Amino acid sequence: MSPQKMSVRRVAVIGGARIPFARSDGPYATASNQQMLTAALDGLVERHGLREPGAVGEFVAGAVLKHSRDFNLARETVLGSKLHPSTPAYDIQQACGTGLQAVIAAANKITLGQTDSAIAGGADTASDAPLGVNDSLRRILLEARRAKSASGRLKALAKVRPGHLVPDIPRNAEPRTGLSMGEHAAVTARAWGIGREAQDELAATSHQRLAAAYERGFFEDLVIPFRGLARDQNLRPGSTVEKLAALKPVFGLDHPDPTMTAGNSTPLTDGAATVLLASEDWARERGLEPLAYLTAYETAAVDFVGGDVAGGEDGLLMAPAYAVPRMLERAGLGLDDFDLVEIHEAFASQVLATLAAWEKRGLGTVDRARLNVAGSSLATGHPFAATGARIVATLAKLLAERDAPARGLISVCAAGGQGVTAILERA
């Protein structure tokens with residue numbers, strides 16, 4: 001490859017498309033990851049005229065809850081979509097950071113000149129979650145398959161007992177600790193002294209801001225109606241601190257004064273989101289105006305098993321507290337240099353703990369008027385792999401609405417004690 005092709009290029013965010021997010025076991029109860037992701041991808045293809053061969057360099061996406069049939073999800077989605085079937089595709093997965101990592105993977109190829117355009121995204125369904133065969137039954141079936149005779153197979157199958165027919169259901173728990181994400185967040189909330197009222201206030205604000213964004217038409221070119229939904233089903237426009245205060249705690253019940261409720265925690269959600277990335281030349285040739293540019297990104301992980309968990313430093317969802325300072329130091333920026341800040345709202349307590357950790361590390365405070373200004377996961381819901389693409393497209397458009405140059409920060413926590421962060425800029 002010539003030095004010219006290896007030169008670093010700016011990566012433009014051109015636009016995004018997603019379907020409304022739905023609560024699990026609701027309108028999308030029978031929709032698969034592929035069906036939802038295809039709907040979001042088709043919306044993006046139609047909006048930006050990307051049907052012809054070679055229009056897009058590649059498609060990268062993923063899902064967290066995957067059936068065996070989803071082993072090649074991104075490619076199968078392309079083959080069933082309006083994107084040309086000659087478009088390469090591959091899967092990626094990093095829990096709740098999947099969507100943002102897909103964006104980063106696509107951006108890396110664009111910035112190095114390996115492709116001129118790419119679509120990134122993700123989908124997840126908590127409704128159509130895969131049910132595994134009971135492991136004991138699985139072993140018996142494998143033994144029967146390996147048997148060399150009919151009598152051998154019958155001997156193996158004779159070991160099957162009624163208890164073996166109970167399926168393995170996916171658990172929202174960390175394999176290393178056995179605790180759910182909510183229980184981990186409750187530990188962190190106690191460590192940082194995050195109170196109930198502050199959590200409810202952040203949750204109510206998320207709903208109010210998302211409702212306001214819909215009312216002013218902000219999502220008209222970002223959200224594609226799907227299966228009877230035109231808006232995120234979890235949205236509660238009338239949400240208030242007083243209403244949320246009436247809900248009973250659901251996490252941290254083994255300690256006095258639990259603070260985390262279904263109202264200040266993200267619900268299980270179904271949905272999909274995509275975002276179009278490209279080089280400046282590609283966008284110019286197609287007459288497309290970039291919304292913003294992806295200029296930096298950073299990942300981090302914490303030891304949430306043996307680290308300083310009780311002290312709050314290494315809580316399961318605290319990796320952005322490490323990733324953001326590193327990214328800002330590398331970029332020569334401080335929190336005051338950002339006009340907008342987008343923090344994925346897995347739990348209100350997690351957002352507040354992250355803000356407190358940044359302040360403790362000397363980054364300063366984030367003006368709440370700049371935080372999640374169009375609402376975030378507490379209001380939209382959180383289909384695990386879709387959230388990153390949703391945030392990138394939303395923030396890019398928010399930056400594009402400003403007359404002057406602007407800069408936005410993205411912070412996403414993820415299961416496994418990981419975090420994915422990024423910076424978008426509008427020149």
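Quick note: structure is the one above.
For the structure given in this document, a descriptive report is provided here. Predicted model only: the values in this text are computed from it and were never measured.

**Points about the environment of Asp200**
Here comes step 1: Here Asp200 shows up in helix H7 (residues 196-215).
Here comes step 2: Looking at Asp200, the relative accessible area reads 1%, which means it is buried.
Here comes step 3: Those residues in contact with Asp200 that sit more than four places away from it in its chain are Val241, Leu244, Ala245, Thr261 and Asn264.
Here comes step 4: At 2.8 Å, the side chain of Asp200 and the side chain of Arg196 are in polar contact.

**Examining the side chain of Thr266**
Here comes step 1: With respect to the helices, strands and loops of the structure, Thr266 is situated in the loop between strand S7 (260-261) and strand S8 (269-279).
Here comes step 2: Owing to a relative accessible area of 18%, Thr266 belongs among the buried residues under this scheme.
Here comes step 3: Within the structure, the side chain of Thr266 is placed 2.5 Å from the backbone oxygen of Glu345, a separation counted as a polar contact.
Here comes step 4: At a separation of 2.7 Å, a polar atom in the side chain of Thr266 contacts the main-chain carbonyl oxygen of Ala346.

**Overview of the pairing of strand S5 (residues 117-124)**
Here comes step 1: Among the 8 residues that make up S5, 8 are buried, leaving the element largely enclosed by the rest of the structure.
Here comes step 2: Where strand S3 (residues 58-62) lies against S5, 5 bridges are found, and the strand directions are parallel. Following the sheet pairing, Val60 is matched in S5 by Ala120.
Here comes step 3: As paired elements, S5 and S8 share 8 bridges and run antiparallel to each other. Paired with Ala120 across the two strands is Val275, which belongs to S8.

**Focus: the packing of aromatic side chains**
Here comes step 1: This model, assessed by the stated rule, comprises 4 aromatic pairs.
Here comes step 2: Summarising the aromatic geometry, the rings of Phe251 and Phe347 are spaced 5.9 Å apart at their centres and angled 90° between planes, so their arrangement reads as edge-to-face. Pair noted here: Phe251 is in strand S6 (residues 249-251) and Phe347 is in the loop between strand S10 (340-343) and helix H11 (348-360), with a separation of 96 residues, a long-range link. The exposure classification of Phe251 matches that of Phe347, with both residues buried.
Here comes step 3: Three or more aromatic residues joined by ring pairs make a cluster, and in this case those are Tyr214, Phe218 and Phe219.

**A closer look at the environment of Thr274**
Here comes step 1: With respect to the secondary-structure elements, Thr274 resides in strand S8.
Here comes step 2: The spacing of Thr274 and Val8 is 266 residues in sequence and 24 Å in space, taken between C-alpha atoms.
Here comes step 3: If we skip the residues at most four places from it in the chain, Thr274 touches Gly16, Ala17, Leu37, Ala40, Leu41, Leu44, Phe59, Ile119, Ala120, Gly121 and Ala389.
Here comes step 4: At 3.4 Å, the side chain of Thr274 and the backbone oxygen of Ala40 are in polar contact.

**Concerning helix H1 (residues 33-48)**
Here comes step 1: The terminal C-alpha atoms of H1 lie 23 Å apart, and with 16 residues this matches the ideal 22 Å at 1.5 Å per residue to within 8%.
Here comes step 2: Burial analysis of H1 places 12 of its 16 residues in the buried class, the great majority of the element.
Here comes step 3: Listed in full, the buried residues belonging to H1 are Asn33, Met36, Leu37, Thr38, Ala39, Ala40, Leu41, Asp42, Gly43, Leu44, Val45 and His48.
Here comes step 4: Residues of H1 that are buried in the fold lie against strand S1 (11-18), S3, helix H2 (73-79), S5 and S8.
Here comes step 5: One or two residues past the end of H1 sits Gly49, with phi positive at roughly 60°.

**Remarks on unusual backbone geometry**
Here comes step 1: Positive phi is not limited to glycine here, since Asp25 has a value of about 60°.
Here comes step 2: Inspection of the secondary structure assignment puts Asp25 in the loop between strand S2 (22-23) and H1.
Here comes step 3: Judged by its relative accessible area of 60%, Asp25 is exposed.
Here comes step 4: In this structure, Ala95 is a non-glycine residue whose phi angle is positive, near 50°.
Here comes step 5: Tracing the sequence through the fold places Ala95 in the loop between strand S4 (89-91) and helix H3 (98-111).
Here comes step 6: Ala95 sits in the buried class, given a relative accessible area of 12%.

**Some words on the pattern of salt bridges**
Here comes step 1: Using the criterion set out here, one finds 22 salt bridges in the structure.
Here comes step 2: Here Arg51 ties to Glu46 by a salt bridge, and the two come within 2.7 Å at their closest N and O atoms.
Here comes step 3: Here the residues in one salt-bridge network are Glu46, Arg51 and Lys82, joined through shared partners.

Parameters and conventions
- Residues numbered from 1 in each chain as written.
- Predicted model: local features only at pLDDT ≥ 70, side-chain atom pairs only at ≥ 80, totals over all residues.
- Heavy atoms only, no water.
- Helix = DSSP H or I, 4+ residues; strand = E, 2+ residues; numbered from the N terminus.
- Buried < 20%, exposed > 50% of the residue type's maximum accessible area, 1.4 Å probe, protein only.
- Contact = heavy atoms within 4.5 Å.
- Polar contact = N/O pair within 3.5 Å; in protein donor to acceptor, adjacent residues only side chain to side chain.
- Pairing = 2+ DSSP bridges.
- Phe/Tyr/Trp six-rings, centres within 6.5 Å; stacked < 30°, edge-to-face > 60°.
- Expected span 1.5 Å × (residues − 1).
- Salt bridge = Lys/Arg side-chain N within 4 Å of Asp/Glu carboxyl O.

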